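Observations on the model geometry
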Protein chains: 2
Amino acid sequence: MKHLKFLPVTLSLLFAIAVVCFSLLHAEEGMWPIDHLSKELIREMQAKGLSLSDEELYTTDGKGVINAVVDLGGGTGSFVSPEGLIITNHHVAFGAIQQMSTAENNYIEKGFLAKTREDEPQALGFNAYVLLSSKDVTEEVLSYVNDSMSPLERFNAVEQAQKEIVKEAEEGRDVFCEVAAMYGGLSYTLYTYLKIKDLRVVYVPPASIGNYGGDIDNWMWPRHTGDFSFLRAYVAPNGKTAEYSEENVPYRPKSYLKIASEPTREGDFALVAGYPGHTYRHVTSYTIENDINFYYPTKIDIFNEWTNIIADHAARDPEAGVKMAGLKEGLENSKKNAHGMLEGFQRYRLLDRKLHLEEEFKAFLAGDAQMEKEYGHILPEIKSQYDHVKSYQLQRMLFSYIKLRGLFQAAYTIYKWNVEQEKTDLERDPDYMERELPDIRRKLQNLDRKYHPAVDRDMLVMFLRRMAALPAGRRIQAVDEILAGVPEDERDVAINEFVDALYSGTRLTDVEARLAMLDSGTKHLVEEGDPFILFAAQLYPEVEELQERRDAFDGALSVLRPQWVKALMEWQKQALYPDANNTLRINYGVVRGYAPRDAVSYESFTTLDGVLEKYRGEDPFDLPPQIFELVEKQDFGPYRDPVLNDVPVDFLTTNDSTGGNSGSPLLNHKGELIGLLFDGNYESISADFMFIEEMTRTINVDIRYVLFIADKLNNARNVLQEMGVLE
Amino acid sequence: MKHLKFLPVTLSLLFAIAVVCFSLLHAEEGMWPIDHLSKELIREMQAKGLSLSDEELYTTDGKGVINAVVDLGGGTGSFVSPEGLIITNHHVAFGAIQQMSTAENNYIEKGFLAKTREDEPQALGFNAYVLLSSKDVTEEVLSYVNDSMSPLERFNAVEQAQKEIVKEAEEGRDVFCEVAAMYGGLSYTLYTYLKIKDLRVVYVPPASIGNYGGDIDNWMWPRHTGDFSFLRAYVAPNGKTAEYSEENVPYRPKSYLKIASEPTREGDFALVAGYPGHTYRHVTSYTIENDINFYYPTKIDIFNEWTNIIADHAARDPEAGVKMAGLKEGLENSKKNAHGMLEGFQRYRLLDRKLHLEEEFKAFLAGDAQMEKEYGHILPEIKSQYDHVKSYQLQRMLFSYIKLRGLFQAAYTIYKWNVEQEKTDLERDPDYMERELPDIRRKLQNLDRKYHPAVDRDMLVMFLRRMAALPAGRRIQAVDEILAGVPEDERDVAINEFVDALYSGTRLTDVEARLAMLDSGTKHLVEEGDPFILFAAQLYPEVEELQERRDAFDGALSVLRPQWVKALMEWQKQALYPDANNTLRINYGVVRGYAPRDAVSYESFTTLDGVLEKYRGEDPFDLPPQIFELVEKQDFGPYRDPVLNDVPVDFLTTNDSTGGNSGSPLLNHKGELIGLLFDGNYESISADFMFIEEMTRTINVDIRYVLFIADKLNNARNVLQEMGVLE
């Protein structure tokens, strides 16, 4: 889901976009905002092989190739037909496939192909955001703040500014807006999207193709995953966006991508466009230190226990396996990411490098009284913020994860919705503003599809145990009250009994009941006495208080971080791209392998032969039996690469990417689709913090493998015809 | 230890060496007996770059470069100075280093360097066999057998022939002889060696160099192990071989190797000479089937439990760790080998290929009545032998492993020695002939160094448990007697009590007592009533009976296997090299990397930089701190490779090798030492059964890394001066 990102700013930093005028170093590094593309970057891409003119690349009237790219909320897609057909990753569309599936009719396993429009089922929970326009609103935002504000006041003022600007921009129009902070708040941009709310599933290969290699191969090269799926965008017959309805018609995009007309080769130019989530390229050593010593190790520890709970249940109950598949995949992915991050920090000595940079910066300041006066305060103040955050970050992390799933999430959402209802729309937490209601309702409606009572219960027990075990000074009062008078060695039994009582007493398992509760009003809701609601209400004040402390931290950092970026740019006399923030970015690179370690070279393409080489006959290295027949008969059609003499499967490029880029189109020099980005290599995980040119690669599925599977394995002729690949 | 290999033969197969006259296919495949080198092979090597003449390569008077190669019993070494200095692998000399070490003075960990001759300690349990001559004795051996003999009679007759030929050849001379069956018995060769019995330790690097990567990297590429050690051969002042004595003097070999005078590069010619143990290139599908379904899986299962026992004790008691290190390393190595074998069988579909070959053979026979008559019986008869072996191979395997270690090994050896004493020397089991007495005594003497009571006890319990759990029809009577009347669920307790009684009642832990028992005579030995001896005596008849059944199997196969090889050669009109059998072989190849799987390439050299890349600060990826200083200072001396711009560490060649080749010298085109073979790559494990040209590689330590470590890390100037590397 797409959410507004609120990052405040200070008035003293009003110089914004001008920074892009510095010279560009490391051109393959950096995800450049599409609306801030410098001519210099475009010329550079053209010099490296791009054959498109500026207008063919991107236009404000929506007709450039990049205009075909859409945000799917946490992933990227692109239009590939005039009838709203969207191509994205299998793992991006996974939630939709999972919700279509049951233990009896498992589309995850079998794959799915709609032969006609009528057969296309709803992609539950999915929206597509088509970028319509962008506008710099830095002055407007900064008019809400002044230097006498406390960090929390600043945070709230900027949030207020963003909400009001958005409200005004959306007023009376069929659009969805957000204000994004660039460089952590050096400037602000208002992005206006068409939010298409009716997405449907068109074609999904079986998981033995789309998720081949599974968690084992995740982040790994060589890779052999056919990580693609096709969705379709629908709008009302009058062309307006609309919730799912039978009468809706396919959306007709202004721009859609053509399939590559020539084979992709080692060394070829490759352009990526998409919605990368977050990078942290310009953070200080204090962030890295906290990530190394607290954030990633704690996350790994919690997620290990969580995935063990799921695995235990899945081993005994296939339904638990199906319903928790998406969550488990997400948790495993996060764990591997966290491990890779820690390994990368160590391998590239990131903390040392940051410390070294900061020492150099201090030495520079020592020789320049004016700079010292302006910037000397930054690092000590950031340090002091991190010292403070250590006192509450563990409690806050437990709350943030417990709110992620199942009945507790429902209870908390319902309770908070009722509380927030008592405020005006613009005063509310942005996630609880009126415009979020349809998404909130939809989530509550579909909860059962990802809910498994026994798993949900055990997860809650795990979090309560961890809360009960917090050290003195960091206790959660509500949990202490629940366990008041229970001796240390009986806590565990008490927690289990308490949780069992929640599940046996609640009405939240009834979809009508939970939807009705949205309209209860706080007082009545509490009087109804649903134990889960009461539990959420009991935790509520502390959750919100911790959030306020975090908001104050963010408020302070929203002043300090842009100052730090500005100081770096002035000191180093170099343009820095803004960190990724879920806005449309482009980046160019080339098809290229790498040398991961001494005496080992990775080539840039994998092949169908390599798919068979990994086959073990069991998940995640199982294959549809027809694949063997196709290889036996060498029935590769036009998808055989003349150099590899085999069907190419996945390939590496030097592009810069991160989470959120999943599903991004890879375009060749003519702007044609050559593949879909679906992962970074293991060595690049820590690239979120530092781009290491010789090691950072994106992993992409080759469009020829997509077509081969669609054509030869799944006979998806209708899809291929729609894309103009078959007649 | 070196043992005679007894494989019988049938008179009908008298055509021997003539087969080498067929054309040579796959020249890089095959380990060719040094005494049967065809001119054709030498010409071929010369065409591929070898600059040596036939005489410089190998001569019967001991002056060729290959004459510098010695058998160390299970591994290979070579002379590298006129004063008997031998270079071999760290893992080959490991047993000697281990026996020098204690928990307090751990030379495994620290390494060891004797600065003078006087400082060189005995390499306990080590012999060096210097090949003096060889002679074809096929006719003599075959004169002992006739076609009317049963398989067991044949087996015994050939064994008798071999013993008598050896006895006559050794009579009155300072030599050690053995008769080796070539091609499983197509021909027989008498090999005469000088057996040097006083070996000493000169220089061993720390295990953090010599075993860097440990079990994790074992069989793996890229590799970064400095797997080398130096020993010295000593003889009596009169030049005769002698047991260790202070008055002994360094042995002066007729030939010793020179260190390479030019850098080794990708693509260079490389010659390997050594004592490979066993290959099975010409076996039938029945062997493979039994290996896949019984031999390797059962071995893995037993060794897993065994290594867990050792690990458990080592975690609690460092002394157990030190004393069991060698055994643990051996078991881990065997397990990884077994896994690799099974993976290779599957990857290269070895069973299918053998079955296919045999089907083709049958089809060929069907069209040729004469060949059908001569060879049609072979495959059905081999099948029938394997059907029978299945009924007793599990019991036999348990006996063979239980006899490998500790007090049970001592008890069984002593008991059997006394029994065998009642026969004439030539009638005895060859391992119990008079000439073996010094080795038997030495082993009993040194038992304590590799003995840890608690580990030994638990191992014995494991084997008894497994024996007690054997299925009906395969029971061991002696074990049934021990457990007579014990209900199923009390067996475990009974086994533990029985074993505890053995250890508390035995005198075998006293070195004088166990040595004295060798001279007791069976009757007196039994009357003395040592419980361990009585237990060995109780098992003895069944162990021997199973051995007789195996001998009969070997007897039958010793007729059938040579017939099979002969049939293959006649059918395919192609020369086959004889399988490895612990005799001196040479083989040539080139320095070359490989592509282990889709999109991955392995380069042929690793570097010191790669050593540091793997560093984790803990075993097996720990390093001596001085290494970092050397790298920091780039203090690489003359050992830096100009192309790699770093110190080369290990390298790959296409040579054909197997266990026993460990420590083999790699020679360049001038016959100079460029490295030591110490492993095969994982993909080549199953090459014992089938050589896959594009995948089979040997892993070698570069002599420049040996010199760099000796010079810069350990300051072993005396060793380098002796080799002529330093002045």
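Quick caveat, the model's predicted, so the values are computed rather than measured.

Description of the interface of chain B and chain A
Listed per partner, the contact involves 16 residues of chain B and 16 residues of chain A. When the buried area of chain B at its contact with chain A is split by residue, Asp598(B), Ala599(B) and Glu613(B) rank highest and sum to 45% of it. The interface formed by chain B and chain A holds zero salt bridges in total. Taken together, the links from chain B to chain A amount to 11 residue pairs in polar contact (both at pLDDT 80 or more).

Description of the domain arrangement of chain A
Residues and elements named next belong to chain A. Segmentation of chain A into domains returns domain 1 (11-279) and domain 2 (285-562). With 38 residues of domain 1 at the interface, the matching set in domain 2 holds 32 residues. Carbon and sulfur atoms make up 55% of the area that domain 1 and domain 2 hide from each other, which totals about 3000 Å². On the domain 1 side of the contact with domain 2, Gln98, Gln99 and Lys163 bury the most area, a combined 19% of that side's loss. Where domain 1 touches domain 2, the interface holds four salt bridges. Ionic pairing is found between Asp215 and Lys328, a salt bridge with its closest N-O pair at 4.0 Å. The interface formed by domain 1 and domain 2 contains 14 residue pairs in polar contact (both at pLDDT 80 or more).

Things to note about the environment of Thr509(A)
Residue and element names in this part refer to chain A. Here Thr509 lies in the loop between helix H19 (491-505) and helix H20 (511-517). Looking at Thr509, the relative accessible area reads 39%, which means it is partly exposed. For the pair Thr509 and Glu109, spaced 400 residues apart in sequence, the C-alpha to C-alpha distance is 28 Å. Setting aside residues no more than four positions away along its own chain, Thr509 makes contact with Leu407, Asp448, Tyr451 and Arg514.

Overview of the sheet that holds strand E20 (residues 698-702) of chain B
Residues and elements named next belong to chain B. Read across the sheet, eight strands follow the order E1-E13-E12-E18-E19-E20-E17-E16 without closing on themselves; strand pairing throughout is antiparallel. A strand with exactly one partner marks an edge of an open sheet, and here the two such strands are strand E1 (32-33) and strand E16 (605-607). Against the sheet, helix H25 (residues 703-713) contacts E16, strand E17 (648-653), strand E19 (673-680) and E20, and its axis sits at roughly 40° relative to E20.

Things to note about unusual backbone geometry
The omega torsion across Asp619(A) and Pro620(A) is 5°, close enough to zero to call that bond cis. Positionally, Pro620(A) belongs in the loop between helix H23 (608-614) and helix H24 (625-632). You will see that Ala599(B), though not glycine, has its phi angle at about 75°, which is positive. Take Ala599(B): it is sitting in the loop between strand E14 (594-597) and strand E15 (600-602). Even without being glycine, Asn645(B) reaches a positive phi, approximately 55°.

Quick word on a negative patch on the surface
On the surface, a cluster of negative charge is contributed by Glu109(B), Asp215(B), Glu618(B) and Asp619(B). Here Glu618(B) is to be found in the loop between helix H23 (608-614) and helix H24 (626-633).

A short note on the relation of the copies chain B and chain A
Each copy superposes on the other: chain B lies on chain A with an RMSD of 0.0 Å after a rotation of 180° and an axial shift of 0.0 Å. Considering both components of the superposition, the chain copies are consistent with a two-fold axis. Closest approach to the rotation axis within chain B is made by the C-alpha atom of Ser601(B), at a distance of 2.5 Å. When you check the interface residues of chain B against chain A, 100% turn up at the interface there too, and the contact is symmetric in its surfaces.

What to know about the pattern of salt bridges
When the charged atoms of two side chains lie near each other, side chains of opposite charge can form a pair. All names here are of chain B. With the rule as written, the count across this model stands at 96 salt bridges over all chains. Among the salt bridges present, the one from Glu159 reaches Lys163, with a minimum N-O distance of 3.8 Å. You can see Glu159 and its partner Lys163 sitting in helix H6 (residues 151-170), four residues apart, about one turn around the helix. The burial state of Glu159 is the same as that of Lys163; both residues are buried. When the shortest N-O distance is used, the salt bridge between Lys614 and Asp217 registers 2.7 Å.

Quick notes on the rules
Residues numbered from 1 in each chain as written. Chains lettered and ligands numbered in written order. Predicted model: local features only at pLDDT ≥ 70, side-chain atom pairs only at ≥ 80, totals over all residues. Heavy atoms only, no water. Contact = heavy atoms within 4.5 Å. Buried area = accessible area lost by both parts, 1.4 Å probe. Salt bridge = Lys/Arg side-chain N within 4 Å of Asp/Glu carboxyl O. Polar contact = N/O pair within 3.5 Å; in protein donor to acceptor, adjacent residues only side chain to side chain. Domains from an automatic or database assignment. Helix = DSSP H or I, 4+ residues; strand = E, 2+ residues; numbered from the N terminus. Buried < 20%, exposed > 50% of the residue type's maximum accessible area, 1.4 Å probe, protein only. Pairing = 2+ DSSP bridges. Axes fitted to C-alpha atoms, helices over the stretch in contact; angles between N-to-C directions. Patch = residues over 30% accessible without salt bridge, like charges linked within 9 Å, V, L, I, M, F, W, Y side chains within 5 Å. Areas by Shrake-Rupley, 256 points an atom, 1.4 Å probe, with all protein chains shown as cover. Lys, Arg positive; Asp, Glu negative; His and termini not counted. Charge placed at Lys NZ, Arg CZ, Asp CG, Glu CD. Least-squares fit on C-alpha atoms with pLDDT ≥ 70 in both.

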